Amino acid sequence: MYKLLRSILFFFPAEEVHHFSMQCLKGLCGWGPARRLVTWACRPEAGEKLARGLFGLRFPNPVGLGAGFDKNALYLRELSALGFGFVEVGTVTPVAQNGNPKPRLFRLPQDEGLINRMGFNNDGVDVIVERLRRWRARPTATLIVGGNIGKNKVTPNEEAWKDYEICFRALYRYVDYFVVNVSSPNTPGLRELQEKDALRRILTRLQEVNAELAPESGMAPRPLLLKIAPDLNQDQLNDVIALALEIRLDGLVATNTTIGREGLLTSKERVEAIGAGGLSGAPLRERGTEVVRYLCAGLGGQIPLIASGGIFTSSDAREKMDAGASLVQVWTGFIYEGPFIVARICRELAPTPIFAS
């Protein structure tokens, strides 16, 4: 059924279809009986067997939704109904920005991939905080929500730490963990912040703010994670490992989208016509697993990792977990596989019960 619907939706521009689909789901979940039906149909029945504690949080299942899908915290009720174990909002910047000119999201159906150059389009931290505040006030708001934070396009790199601090302070009471995004290829110069000294300045400052805000708020310090690109070389990955261990980072997210275009089935002419942007989906699967495995080996189990990149099925998720990941995130796989992706992955990941004879 979903494949038929997808084939129809794929006739229309990708970004517009995204908003249309989520608004339809929002309307459906606005009616109590329909929302209960969606929750029943999409619930990961085996999820409780896969629940795990990480970062001082209890994740009801290990399948989350990566940042960029619900940038503005508009669809948390709906995503919760679809069974996600956790959802990352953002990337959030201090000031609202429109992002890059449209079109900026493109499908590669032959490759089960997407290319995006969204450019951190979001409503700004103040608006998103207010939405999260209203969400948290609901008695049913149990979904684990991460805050993915970034810098505004106009902020020079030497001032970037200030943008991250603004977002961190504003979101502190309303998200369960933070992810520092310095790895999107769609904000000019952003990836330069992945260099060790620049990263140290941002992350150590956020740790200082974390230690300050925890006693003031009466909350535990918020877990602080770093999201990295799949295009880092071995020396750069070693720098990430060394810095994460040095400053006792809570976790890593690997990986963001890639600027690479190797091995695609989509014609070279089509890819060149699309132009710049980050590639996600199935073409990223192998490289994403390589990075996860390398990081986990270097970290020696001292720092947990969330894997993202090319996860469509339970075997994809298992591959990332076998490489050392504790949790996984889907994004492009959600587009291609549909609303039952969490339930399907959890059902197939769940251990087979052993019955006494």
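These lines cover the structure that appears in this document, whether it is placed above or below.

Parameters and conventions
Residues numbered from 1 in each chain as written. Predicted model: local features only at pLDDT ≥ 70, side-chain atom pairs only at ≥ 80, totals over all residues. Heavy atoms only, no water. Salt bridge = Lys/Arg side-chain N within 4 Å of Asp/Glu carboxyl O. Helix = DSSP H or I, 4+ residues; strand = E, 2+ residues; numbered from the N terminus. Buried < 20%, exposed > 50% of the residue type's maximum accessible area, 1.4 Å probe, protein only. 1 Å grid on protein atoms, 1.4 Å probe; cavity = no way out; pocket = protein on both sides within 12 Å on 5 of 7 lines; lining within 4 Å. Points joined across faces, edges and corners; volume = space filled by probe spheres on them. Nonpolar A, V, L, I, M, F, W, Y, C, P; charged D, E, K, R; others polar. Contact = heavy atoms within 4.5 Å.

The next subject is the pattern of salt bridges. Oppositely charged side chains can pair when the atoms bearing their charge come close. Under the defined criterion, the tally for this structure stands at 18 salt bridges. A salt bridge links Glu15 to Arg104; the shortest N-O distance between them is 2.9 Å. One end of the pair, Glu15, is in helix H2 (residues 14-29); the other, Arg104, is in the loop between strand S4 (86-92) and strand S5 (105-108), with 89 residues separating them in the sequence. Taking relative accessible area as the criterion, Arg104 reaches 5% and is therefore assigned buried. Put simply, Glu290 and Arg287 hold a salt bridge, and the shortest N to O gap is 3.3 Å. With Glu290 and Arg287 both in helix H11 (residues 285-299) and 3 residues apart, the pair spans about one turn of that helix. Note on Glu290: relative accessible area 35%, which makes it partly exposed. With relative accessibility at 29%, the residue Arg287 sits in the partly exposed group. Among the charged side chains, a network of salt bridges with common partners joins Glu165, Arg169, Arg205, Glu208 and Glu212.

Approximately 900 Å³ is the volume attributed to the largest pocket. The wall of the largest pocket is formed by 33 residues, among which Tyr2, Leu5, Ser21, Gly338 and Pro339 lie closest to the centre. If you list the elements that add at least two residues to the lining of the largest pocket, you get helix H1 (2-9), H2, helix H3 (32-42), S5 and helix H13 (332-337). For the lining of the largest pocket, the leading source of residues is H2, giving 9 residues. Tallied by class, residues from the lining of the largest pocket come to 25 nonpolar, 3 polar and 5 charged.

Time to look at the environment of Gln236. Position of Gln236 relative to the elements: it lies in helix H9 (residues 234-246). With a relative accessible area of 24%, Gln236 lands in the partly exposed category. Along the primary structure Gln236 and Tyr75 are separated by 161 residues, whereas in three dimensions their C-alpha atoms are 36 Å apart. If we skip the residues at most four places from it in the chain, Gln236 touches Glu195 and Asp231.

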